2 protein chains.
Amino acid sequence: MTLNEKDIPLAVIRRMTRYYRYLGVLERNGEGKISSQAFAEQLGLTASQVRQDLGSFGAFGHRGFGYEVKILKEKVEEILGLSELKKCILVGAGNLGTAVLSMNYEKLGFHLVAVFDKNPELEGKEIRGHKVYSIDKLEEICEKEIPEAAIICTPSVAVENLATRIYGIGITSFLNFSHYDISILLPDAIVESVHLNDSMMTLRYLMK
Amino acid sequence: MTLNEKDIPLAVIRRMTRYYRYLGVLERNGEGKISSQAFAEQLGLTASQVRQDLGSFGAFGHRGFGYEVKILKEKVEEILGLSELKKCILVGAGNLGTAVLSMNYEKLGFHLVAVFDKNPELEGKEIRGHKVYSIDKLEEICEKEIPEAAIICTPSVAVENLATRIYGIGITSFLNFSHYDISILLPDAIVESVHLNDSMMTLRYLMK
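Each chain has its residues counted from 1, following the order in which its sequence is written. To label them, take the chains in the order written and letter them from A, then take the ligands in the order written and number them from 1. Under the rules for a predicted model, residues below a pLDDT of 70 receive no local features and side-chain atom pairs below 80 are neither given nor counted, while totals for whole chains, interfaces and linings still include all residues. With hydrogens and water set aside, each side-chain value is computed from the structure's full complement of heavy atoms.

## Remarks on the pattern of salt bridges
All names here are of chain B.
Then, number 1: Definition used for salt bridges: Asp or Glu carboxyl oxygen within 4 Å of a side-chain nitrogen of Lys or Arg. Scanning the model with the defined rule gives 26 salt bridges over all chains in all.
Then, number 2: Between Glu192 and Arg14 there is a salt bridge, with the nearest N and O atoms lying 2.7 Å from each other. Separated by 178 residues along the polypeptide, Glu192 in strand β9 (residues 190-193) and Arg14 in helix α1 (residues 10-28) bring together distant segments of the chain.
Then, number 3: The closest approach of N and O atoms between Arg15 and Asp53, which form a salt bridge, is 2.6 Å. With Arg15 in helix α1 and Asp53 in helix α3 (residues 47-55), this residue pair connects regions lying 38 residues apart in the sequence. One exposure class covers both Arg15 and Asp53, and it is buried. Each helix corresponds to a stretch of at least 4 residues labelled H or I by DSSP, and each strand to a stretch of at least 2 residues labelled E; elements are numbered beginning at the N terminus. The buried label goes to any residue with under 20% of its type's maximum accessible area, the exposed label to any with over 50%, and the partly exposed label to all in between, with areas taken from a 1.4 Å probe on protein chains only.

In structure tokens, the structure reads:
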């Protein structure tokens, strides 16, 4: 019996993304199968944790054989929802935004429909194959495209107003690269944050 | 009595970095004090969790008064070790590297001593005030500067060999932006990873 997905802790989902990443490596290397033991060693986990994680979604290996890479990868893809693309926008086409624009969205469950920046010099330019629009066009374009998610790559100072504005359009999911905690401002939004400063400080603490 | 620092879970440290970030906002806004309740509301936690986290390091507020912003910020700075700077290098001066070079290292516990890239066109250029060296100079410069940490901003394909090479020089701490799990390769290293793809996939899952 598989668990109701609502009961799956976020920590399991974060491990699923790591399994998926490693399954991609195995597939590229032409590996046909993987045991829970080998999986665990590669990811610094225990074999029983791997079996439990995958089993909680109904992905079961065979004793003495393990998992078929191709089948398991498809299963994890399905669990994470990667094959059904959600429309998203990216705001802030500076260095971070450009780095983020190099990501392979379509393999990560997203279809990027527009890039916005407030810098008039960037307007109309193409970055990584995406045309940059003025932030003034945000409402107009979003009304047409109906994106569901926004990737925020702007400096912190601008984020508070920007996030509220985007949420007002009806975009309720955010990948937040700013230092600002959007989730406090918009308690009903779905927010996944990447706080680079926090990671830096955590590393500094661990080096004590 | 304060806990032995070895007993502090990493989850508490990650919250400490958020407290620190928010204390910076309060300080810039000229706020003199903050109650554990107001703190909790701003960060989506409970007041008792805030008191417990801060108390575990011996930072106690006063009932009915709260914490003094300036004093608490200094205390968290001390806990995280931010005032004693550790030397670090950055490898990979592309868009992501450039975005990361814009960070305020000296406020985050690090002193950046050199930037490296394998692209000969970048050699000798200045990015965000830092001169870029050829990766061929890695050993020579590190022998002189003795950095303790490396920030990895290179594509995944190159990371496996690069991380081993850097570890071989004696650098044992890593801030890893690549998709590769360095910690598996170097089990004794201190690794803090920022996997952008994983965050993207986690957001996609949460949108289901």
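## Concerning the relation of the copies chain A and chain B
Then, number 1: Here the copies are superposed with least squares, the fitted atoms being C-alpha atoms of residues at a pLDDT of at least 70 in both. Of the two same-sequence chains, chain A is brought onto chain B (RMSD 0.0 Å, axial shift 0.0 Å) by a rotation of 180°. In the structure described here, the two chain copies are related by an operation that fits a two-fold rotation axis. Closest approach to the rotation axis within chain A is made by the C-alpha atom of A:Asn95, at a distance of 2.5 Å.
Then, number 2: Whether two residues touch is decided by their heavy atoms; if any such pair falls within 4.5 Å, the residues are in contact. The share of interface residues of chain A whose copies in chain B are also at the interface is 100%, consistent with both copies meeting through the same surface.

## Points about unusual backbone geometry
Then, number 1: In the Ramachandran plot, A:Ile146 falls in the positive-phi region, its phi being about 50° despite a non-glycine side chain.
Then, number 2: Note that A:Ile146 resides in the loop between α6 (138-145) and β7 (149-152).
Then, number 3: Residue A:Ile146 is classed as exposed on the basis of its relative accessible area, which comes to 55%.
Then, number 4: In this model, B:Arg128 sits at a positive phi of 50°, which is unusual for a non-glycine residue.
Then, number 5: Relative to the assigned elements, B:Arg128 resides in the loop between β5 (126-127) and β6 (130-134).

## Focus: the environment of B:Arg128
Then, number 1: Owing to a relative accessible area of 47%, B:Arg128 belongs among the partly exposed residues under this scheme.
Then, number 2: When neighbours within four sequence positions are excluded, B:Arg128 is seen to be in contact with A:Asn95, B:Thr98, B:Leu101 and B:Ser102.
Then, number 3: Under the rule applied, a polar contact is a pair of N or O atoms within 3.5 Å (in protein, one hydrogen donor and one hydrogen acceptor; residues adjacent in sequence only if both atoms are side-chain atoms). One polar contact links B:Arg128 to B:Ser102, side chain to side chain, over a distance of 2.7 Å.

## Looking at the sheet that holds strand β8 (residues 173-176) of chain B
All names here are of chain B.
Then, number 1: If DSSP finds at least two bridges between two strands, the strands pair. Across the sheet, seven strands lie side by side as β5-β6-β4-β3-β7-β8-β9; this open sheet has mixed pairing. Strands at the two margins of the open sheet, each flanked by one partner only, are β5 and β9.
Then, number 2: By the bridge criterion, two bridges tie β5 to β6 in an arrangement that is antiparallel. The residue bridging Glu126 from the neighbouring strand is Lys131, located in β6.

## Let's talk about the packing of aromatic side chains
Then, number 1: Only centres within 6.5 Å qualify two rings of Phe, Tyr or Trp (six-membered ring in Trp) as a pair; their planes then separate them into stacked at under 30 degrees, edge-to-face at over 60, and tilted for everything else. For the structure shown, the criterion picks out six aromatic pairs over all chains.
Then, number 2: Where B:Tyr22 meets B:Phe39, the ring centres are 5.9 Å apart and the plane angle is 55°; that geometry is what we call tilted. Here the residue B:Tyr22 occupies a position in helix α1, and B:Phe39 occupies one in helix α2 (residues 36-43), the gap between them amounting to 17 residues. As far as burial versus exposure is concerned, B:Tyr22 and B:Phe39 are alike and both buried.
Then, number 3: Put simply, the rings of A:Tyr19, A:Tyr22 and A:Phe39 pair up and form one aromatic cluster.

## Some words on the sheet that holds strand β9 (residues 190-193) of chain A
All names here are of chain A.
Then, number 1: Within the open sheet, the seven strands sit side by side as β5-β6-β4-β3-β7-β8-β9. Their pairing is mixed. The sheet is open, and its two borders are formed by β5 (126-127) and β9, each paired with just one other strand.
Then, number 2: Across four bridges, strand β3 (residues 86-91) lies against β7 in parallel orientation. The residue bridging Cys88 from the neighbouring strand is Ala149, located in β7.

## A closer look at the side chain of B:Arg21
Then, number 1: Position of B:Arg21 among the secondary structure elements: in helix α1.
Then, number 2: Relative accessible area serves as the criterion here: at 12%, B:Arg21 is assigned to the buried category.
Then, number 3: Those residues in contact with B:Arg21, other than ones at most four positions away along the chain, are A:His179, A:Tyr180, A:Asp181, A:His195 and A:Asp198.

## Let's talk about the pairing of strand β4 (residues 110-117) of chain B
Residue and element names in this part refer to chain B.
Then, number 1: With seven of eight residues buried, β4 is to be regarded as a mostly interior element.
Then, number 2: Sheet topology note: the strand β3 (residues 86-91)/β4 ladder contains six bridges and is parallel. Bridge pairing in β4 links Cys88 to Leu112.
Then, number 3: When the strands point away from the viewer, a crossover counts as right-handed if the route from the first strand across the helix to the second turns clockwise. Regarding the hand of the β-α-β motif, the stretch spanning β3, helix α5 (residues 95-101) and β4 is right-handed.
Then, number 4: The pairing of β4 with β6 spans three bridges and is classified as parallel. Bridge pairing links Val115 to Val132 in β6.

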